[in-house]
Amino acid sequence: MNETAVNPADQARALVDHRYRSAVPYQVEREEIREFARAIQDYHPAHWSEAAAAELGFSGLVAPPTFSSIILTRMHREIMDSLITGYDPTRILHADRVFDFGRPLVAGDRLTCDVYVESFRHFGDYNVLAIKSVLIDQDGTVVQTGSSALLARVGGPDPGPAEAVRTVTTMSPVTTRQGRTEAVVPAAADSLAPPPGPRIAQPDVDFADLAVGTELPTRTMRLSREDLVNYAGVTGDADPVPFDERSAVASGLPTVVAPGMLKLGLAASFLGAWLGDPTALTRFRAQFAHNTHYLRIPPLAAGTVEFRGRVISIDPRRRRATVAVDARAEGRKLFGYAAAEVLFPHAIRAGD
């Protein structure tokens, strides 16, 4: 028996009020942007052509909104591998993800990632960690932030992701705390909100035509197991569960299923196709909750997901709209809740 074994819950508690900084800055590469765009089926020209990105006022290819998930996922994995070492990675779920976009990421960006463990709580058979991630560019500006609720199953039989998230989301709100280690800048995590960046282009959608209840055009996307392998390669995810049948079943899944972050990328691509402007999203939140469904990927065919959207609020003063996103596979919901905030600038496209 190993007497020096450390309880992962104790390790997680010790990280609350501390910040963990990426050891090496992340360089955003042009080809990686294209590969990620291909993986999430996002074909806006600004992700593929420097000329199209320049028309929007950017110096390099514009990354799709959820491109930052590559960096954030790697940071979370690094923390789990080095600082919280006792959790089984196949029993960790993302209950809630929030992206706040100050500006789009662009090829050539050199980013530092700071991760704040904002809170830890044990509830039933789960350890629940609230984590905030902050991306800072080469000029020292906060460009994006992300928040995650991670659920680590530590006891009892695994009830599956939907039931796990349903159980934890019935908890009373957790009061979070922020702090810093001796090496960090003197700022709490909740003060590190990304400032609005320049958004020059106008979405193709006319803000004046929007109203509460406006429906977005339906879009259907298909995913094969080859697509899952490609996504894993682009994001650097070495976990075989998302694309290997035996690994998926051994982890408690019914078969190979699309990972949550891929579904979020597809949802952002759906919104971008409607808007015609990849810089218009300012916030995107999705929750995997009770009654959500797997996107199953059969061996010799493709899984199909249908996306719909509806405007649920309008802010005329700030020229913003909130759009609820509904994604379904086999007629069942993939998100408990998903919504995006969209900005409609006053600026006019060049040549209009």
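Preceding this paragraph is the structure being described.
Overview of the structure. (Residues numbered from 1 in each chain as written. Predicted model: local features only at pLDDT ≥ 70, side-chain atom pairs only at ≥ 80, totals over all residues. Heavy atoms only, no water.)

### Focus on the overall build of the protein
Of regular secondary structure, the protein possesses 8 helices and 12 strands. Split into buried and exposed, the 352 residues of the protein put 53% on the buried side. Taking all contacts inside the protein whose residues are at least 6 apart in sequence as the whole, residues at least 24 apart take part in 76%. When the accessible surface of the protein is totalled, it reaches about 15800 Å², and 52% of it is carbon and sulfur. (Helix = DSSP H or I, 4+ residues; strand = E, 2+ residues; numbered from the N terminus. Buried < 20%, exposed > 50% of the residue type's maximum accessible area, 1.4 Å probe, protein only. Contact = heavy atoms within 4.5 Å. Areas by Shrake-Rupley, 256 points an atom, 1.4 Å probe, with all protein chains shown as cover.)

### Some details on unusual backbone geometry
The phi dihedral of Gln-41 is positive, around 60°, even though this residue is not glycine. With respect to the helices and strands, the residue Gln-41 is situated in the loop between helix H2 (30-39) and helix H3 (50-55). The phi torsion at Glu-330 lies on the positive side, around 55°, for a residue other than glycine. Checked against the element boundaries, Glu-330 lands in the loop between strand S10 (320-329) and strand S11 (332-333). With a relative accessible area of 57%, Glu-330 lands in the exposed category.

### Digging into the packing of H2 against helix H6 (residues 225-235)
Their axes nearest at 9 Å, the elements H2 and H6 cross at an angle of 150°. If you check the angle between H2 and H6, you find them roughly antiparallel. The chirality of how H2 crosses H6 is left-handed. On H6, the residues touching Glu-32, Glu-35, Phe-36 and Ala-39 of H2 are Asn-230, Tyr-231, Val-234 and Thr-235. Of the residues contributing to the contact of H2 with H6, the split by class is 4 nonpolar, 2 polar and 2 charged. (Axes fitted to C-alpha atoms, helices over the stretch in contact; angles between N-to-C directions. Parallel < 35°, antiparallel > 145°, perpendicular 65-115°, else oblique. Left-handed = near helix turned anticlockwise from the far one by under 90°. Nonpolar A, V, L, I, M, F, W, Y, C, P; charged D, E, K, R; others polar.)

### Points about the nonpolar core
Formed by 68 residues in total, the largest nonpolar core has its most connected members in Phe-67, Leu-271 and Phe-307. Looking at this core element by element, the count peaks at 10 residues for helix H8 (residues 260-275). If we ignore the near neighbours within four places in the chain, the residues touching Phe-307 are Pro-217, Thr-218, Arg-219, Met-221, Lys-263, Leu-266, Ala-267, Phe-270, Val-325, Asp-326 and Ala-327. In terms of nonpolar packing, the next biggest core, distinct from the first, is built from 6 residues, Leu-56, Phe-58, Val-62 and Val-106 among them. (Core = buried A, V, L, I, M, F, W, Y, C linked by side-chain atoms within 4.5 Å.)

### Overview of empty space enclosed by the protein
Per the counting criterion, the structure on display carries 3 cavities of 30 Å³ or more. In this structure, the largest cavity occupies an estimated 80 Å³ of space. For the largest cavity, the lining is made up of 13 residues, of which Pro-65, Phe-101, Pro-104, Gln-144 and Pro-278 are closest to its centre. Residues belonging to the lining of the largest cavity are distributed by class as follows: 9 nonpolar, 2 polar and 2 charged. There is about 40 Å³ of room inside the second largest cavity. Along the walls of the second largest cavity sit Asp-42, His-44, His-47, Pro-65, Gly-272, Asp-277, Pro-278 and Leu-281, which together make up its complete lining. For the lining of the second largest cavity, the per-class residue count stands at 3 nonpolar, 3 polar and 2 charged. (1 Å grid on protein atoms, 1.4 Å probe; cavity = no way out; pocket = protein on both sides within 12 Å on 5 of 7 lines; lining within 4 Å. Points joined across faces, edges and corners; volume = space filled by probe spheres on them.)

### Remarks on the pairing of S10
Most of S10 is tucked away: 8 of the 10 residues are buried. Two elements, strand S9 (residues 303-315) and S10, share 9 bridges in a ladder whose sense is antiparallel. Looking at the pairing, Phe-307 lines up with Ala-327 of S10. Between S9 and S10, which pair antiparallel and follow one another directly, the connecting turn spans 4 residues, one of which, Arg-319, has a positive phi of 55°. Relative to strand S12 (residues 337-343), S10 runs antiparallel, the two being bridged by 5 bridges. The residue of S12 that forms the bridge with Ala-321 is Val-342. Sheet analysis places S10 next to S11, joined by 2 bridges and oriented antiparallel. Within S11, the residue paired with Arg-328 across the bridge is Lys-333. Here S10 folds back onto S11 in antiparallel fashion, the turn holding 2 residues, of which Glu-330 has a positive phi close to 55°. (Pairing = 2+ DSSP bridges.)

### A word on H2
Residues three or four positions apart in an α-helix share a direction because the helix packs 3.6 residues into each turn. Of all the residues in H2, the buried ones are Glu-32, Ile-33, Arg-34, Phe-36, Ala-37 and Ala-39. Directly beyond the C-terminal end of H2, a positive phi value near 60° is found at Gln-41.

### Thoughts on the pairing of strand S4 (residues 110-123)
Here S4 lies mainly inside the structure; 10 of its 14 residues are buried. Bridging between strand S1 (residues 19-21) and S4 involves 3 bridges; their strand directions are antiparallel. Across the sheet, the residue bridging to Arg-21 is Asp-114, located in S4. Two elements, strand S2 (residues 26-27) and S4, share 2 bridges in a ladder whose sense is antiparallel. By the bridge assignment, Tyr-26 is partnered in S4 with Leu-111. Two successive antiparallel strands, S4 and strand S5 (residues 126-136), enclose a turn made up of 2 residues, where Gly-124 displays a positive phi of approximately 60°.

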